[in-house]
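As a plain string of letters, each chain reads:
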Amino acid sequence: FDLYNCNLICDTYYLSKIFLYGTNSYKLESLCYHFRINVETSHRAQDDAINTGYLFLKILNIIFCSSIDDYNALLKIYSDDMVVNKKLFIYLIDFCLTKSIKCIEPQSCDNISKASFTYNNKIDLREDYTIDSIYQKGGVLDDKLEKYEYRASQYEFALEFENAILNNEISVIEAETGLGKTYGYLIPSLLTENKKIIISTSTHNLQEQLFNSDIPCLGQILNIPIYATIVKGMNNYICNYRLADLLNNIDLLNDEDRYELMTLVVWSNKTLTGDISECNSFKTWKYKKIWDLVCFEYEYCTLHNNNNKCFYSELKTHIGSSNILVINHSLLASCYDKEESIIDAADICIIDEAHKLSENCQMHLKESLNKNYINGVFDSLFFSSSKILDQNRDNENFNKLFN
């Protein structure tokens, strides 16, 4: 197509938020650094314009890896007044229909993860282990971990933890930095048969570290069966049905909201978990109104019982089969007053980062109202009611509402 006469307006900021949803920063310099574009002379108008052009070509390669369904869904969001990147998606659809596209380079910016981790071993070796045989010099950790160093405090921590499990007691332990508390509580817990292990943390970062690093590593070291699932509150997961419903009622949103909604479209088609923390380009705290319209909502999703892939329903299946659940303090607090809880009285419950427990529980359980929340509720109701009224102006009872 003719770039000089088509009024094509492309914005690399919005394109990067849509297609590079796993990136940590959407500043020009950060994106150029990611793609190894030379930015030594950045912050000068001409050089920034040139770098933006190089960045656009890199992003375009990744855009080609998406499907025509993604482009159609994105176009569906546009209003008549929105022009940024609009013609690009129109041309991409036409290109898909007339050309054979091959992915030019892998989508290295994707941040796709799984909700569960499984380490299978047909022979359960738990009976072969003791705390001594694992932690002491010449033991399992010393043999299989290259940089392992025996620490008496870690060994005593593990013994105390094992004793608390065997006697069904509550143990409160203050562990200094460098003690190795994660392995200190994980190993005794894993050696306990027929017990589900609940690990609660204050931060998502520690959740990710436990799930993606520590637990898989211990599965290989100890060679025992592990089925672990990372669990967050239900409002952390997108609902495909509600997203599709919003796309069909897109006039509920203004143009600014529509541009932000686009950042969810491509990610929602590629995620395996539906966990919004994967999509770094969308901030739930900033666009709460949008997220409230597309996240899993128990009453709504149960009522509709849709056939679309439901991330939260799949997650509940993993929860039932897992012997390790990695949760956070907010979810732990919400389990307290729910009839359907993921925690049983017989489970081993480990509260890591316990110094934050009171604060996290207070934040989660308290009821509060603020100006942004009220404005968001008002906007949602205003748009909804306006649409209903506009669609029923020809109804014979319409004027009765105003008499």
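Scroll up to find the structure.
Let me sum up the structure you'll find in this document.

Let's talk about the overall build of the chain
Along the backbone of the chain there are 18 helices and five strands. Scored against the burial criterion, the 403 residues of the chain give a buried share of 43%. Counting every atom, the chain has about 23,100 Å² of accessible surface; 49% of that belongs to carbon and sulfur.

Focus: the sheet that holds strand 1 (residues 116-119)
Ordered by their spatial adjacency, five strands build an open sheet running 1-3-4-2-5, and the pairing between neighbours is mixed. Looking at which strands have only one partner, the edges of the open sheet turn out to be strand 1 and strand 5 (348-351). Neighbour-to-neighbour, the strand axes of the sheet open up by a mean angle of 15°, direction not taken into account. The strands touched by helix 15 (residues 311-321) are strand 1, strand 3 (226-230) and strand 4 (324-328); relative to strand 3, the strand with the most contacts, the crossing angle is about 140°.

Points about the pattern of salt bridges
The full count for this structure, using the stated rule, is eight salt bridges. With a shortest N-O distance of 3.5 Å, Lys 232 and Glu 208 are connected by a salt bridge. Taken together, the positions of Lys 232 in the loop between strand 3 and helix 11 (240-248) and Glu 208 in helix 10 (residues 204-222) put the pair 24 residues apart, joining distant regions of the chain. Residue Lys 232 is classed as buried on the basis of its relative accessible area, which comes to 1%. Salt-bridge contacts for Lys 289 lead to Asp 257; the nearest nitrogen and oxygen are separated by 2.8 Å. Of this pair, Lys 289 sits in helix 13 (residues 288-294) while Asp 257 sits in helix 12 (residues 255-270), and the two are 32 residues apart along the sequence. Owing to a relative accessible area of 8%, Asp 257 belongs among the buried residues under this scheme.

Here's the deal with the layout of surface pockets
Taken as a whole, the second largest pocket encloses approximately 910 Å³ of empty space. Broken down by secondary-structure element, the contributors of at least two residues to the lining of the second largest pocket are helix 8 (152-166), helix 9 (181-190) and strand 5.

So, helix 12
Most of helix 12 sits out of view: twelve of its 16 residues are buried. What helix 12 keeps buried is the set Asp 257, Arg 258, Tyr 259, Glu 260, Leu 261, Met 262, Thr 263, Leu 264, Val 265, Val 266, Trp 267 and Ser 268. Looking at the buried side of helix 12, the elements it contacts are helix 1 (12-19), helix 4 (68-77), helix 11, helix 13 and helix 15. Two to three positions downstream of the cap, the backbone nitrogen of Glu 256 sits 3.2 Å from a side-chain oxygen, assigning the N-cap of helix 12 to Asn 254.

Considerations on the nonpolar core
Among the nonpolar cores identified, the biggest contains 50 residues, and Phe 19, Ile 63, Phe 89, Leu 261 and Leu 264 are the most heavily contacted of them. For this core, the elements supplying multiple residues, two or more each, are helix 1, helix 2 (28-34), helix 3 (45-63), helix 4, helix 5 (86-98), helix 11, helix 12 and helix 13. It is helix 12 that contributes the most residues to this core, seven residues altogether. Here Ile 63 is in contact with Leu 15, Phe 19, Tyr 71, Leu 88 and Leu 92, once residues within four sequence places are set aside. Judged by nonpolar contacts, the second largest core, of 39 residues, contains Phe 117, Tyr 183, Ile 199 and Ile 224.

Examining the environment of Leu 243
Considering the arrangement of structural elements, one finds Leu 243 in helix 11. Judged by relative accessible area, which is 5%, Leu 243 ranks as buried. The sequence separation of Leu 243 and Leu 264 amounts to 21 residues, and the corresponding C-alpha distance is 9.0 Å. With sequence-adjacent residues up to four places away left out, Leu 243 is seen in contact with Ile 238, Leu 261, Ser 268 and Val 294.

Quick notes on the packing of aromatic side chains
Across all of its chains, the model carries 13 aromatic pairs by this definition. Consider the rings of Tyr 78 and Tyr 259, whose centres lie 6.3 Å apart with planes at 85°: the pair is edge-to-face. Of this pair, Tyr 78 sits in the loop between helix 4 and helix 5 while Tyr 259 sits in helix 12, and the two are 181 residues apart along the sequence. One exposure class covers both Tyr 78 and Tyr 259, and it is buried. On the basis of an interplanar angle of 20° and a centroid distance of 6.2 Å, the ring pair of Phe 157 and Phe 161 is categorised as stacked. Of this pair, Phe 157 and Phe 161 both sit in helix 8, four residues apart, roughly one helical turn. Judged by relative accessible area, which is 13%, Phe 161 ranks as buried.

A few points about helix 11
Those residues of helix 11 that sit buried are Asn 240, Arg 242, Leu 243, Leu 246 and Leu 247. Burial along helix 11 is one-sided: seen end-on, the buried residues are contained in an arc of 165°.

Focus: the packing of helix 4 against helix 5
When two helices pack together, you describe them by how their axes are tilted relative to each other and by the distance separating the axes. Between helix 4 and helix 5, the shortest axis-to-axis distance is 9 Å and the interhelical angle comes to 150°. Classified by the angle their axes make, helix 4 and helix 5 are roughly antiparallel. The interaxial crossing formed by helix 4 with helix 5 has left-handed handedness. Taken together, the residues of helix 5 that come into contact with helix 4 (itself represented by Ile 68, Tyr 71, Asn 72, Leu 74 and Leu 75) are Lys 86, Phe 89, Ile 90, Leu 92, Ile 93, Cys 96 and Leu 97. Looking at the contact of helix 4 with helix 5, its residues break down into ten nonpolar, one polar and one charged.

Conventions adopted
- Residues numbered from 1 in each chain as written.
- Predicted model: local features only at pLDDT ≥ 70, side-chain atom pairs only at ≥ 80, totals over all residues.
- Heavy atoms only, no water.
- Helix = DSSP H or I, 4+ residues; strand = E, 2+ residues; numbered from the N terminus.
- Buried < 20%, exposed > 50% of the residue type's maximum accessible area, 1.4 Å probe, protein only.
- Areas by Shrake-Rupley, 256 points an atom, 1.4 Å probe, with all protein chains shown as cover.
- Pairing = 2+ DSSP bridges.
- Axes fitted to C-alpha atoms, helices over the stretch in contact; angles between N-to-C directions.
- Contact = heavy atoms within 4.5 Å.
- Salt bridge = Lys/Arg side-chain N within 4 Å of Asp/Glu carboxyl O.
- 1 Å grid on protein atoms, 1.4 Å probe; cavity = no way out; pocket = protein on both sides within 12 Å on 5 of 7 lines; lining within 4 Å.
- Points joined across faces, edges and corners; volume = space filled by probe spheres on them.
- Polar contact = N/O pair within 3.5 Å; in protein donor to acceptor, adjacent residues only side chain to side chain.
- Core = buried A, V, L, I, M, F, W, Y, C linked by side-chain atoms within 4.5 Å.
- Phe/Tyr/Trp six-rings, centres within 6.5 Å; stacked < 30°, edge-to-face > 60°.
- Arc of directions from axis to C-beta.
- Parallel < 35°, antiparallel > 145°, perpendicular 65-115°, else oblique.
- Left-handed = near helix turned anticlockwise from the far one by under 90°.
- Nonpolar A, V, L, I, M, F, W, Y, C, P; charged D, E, K, R; others polar.

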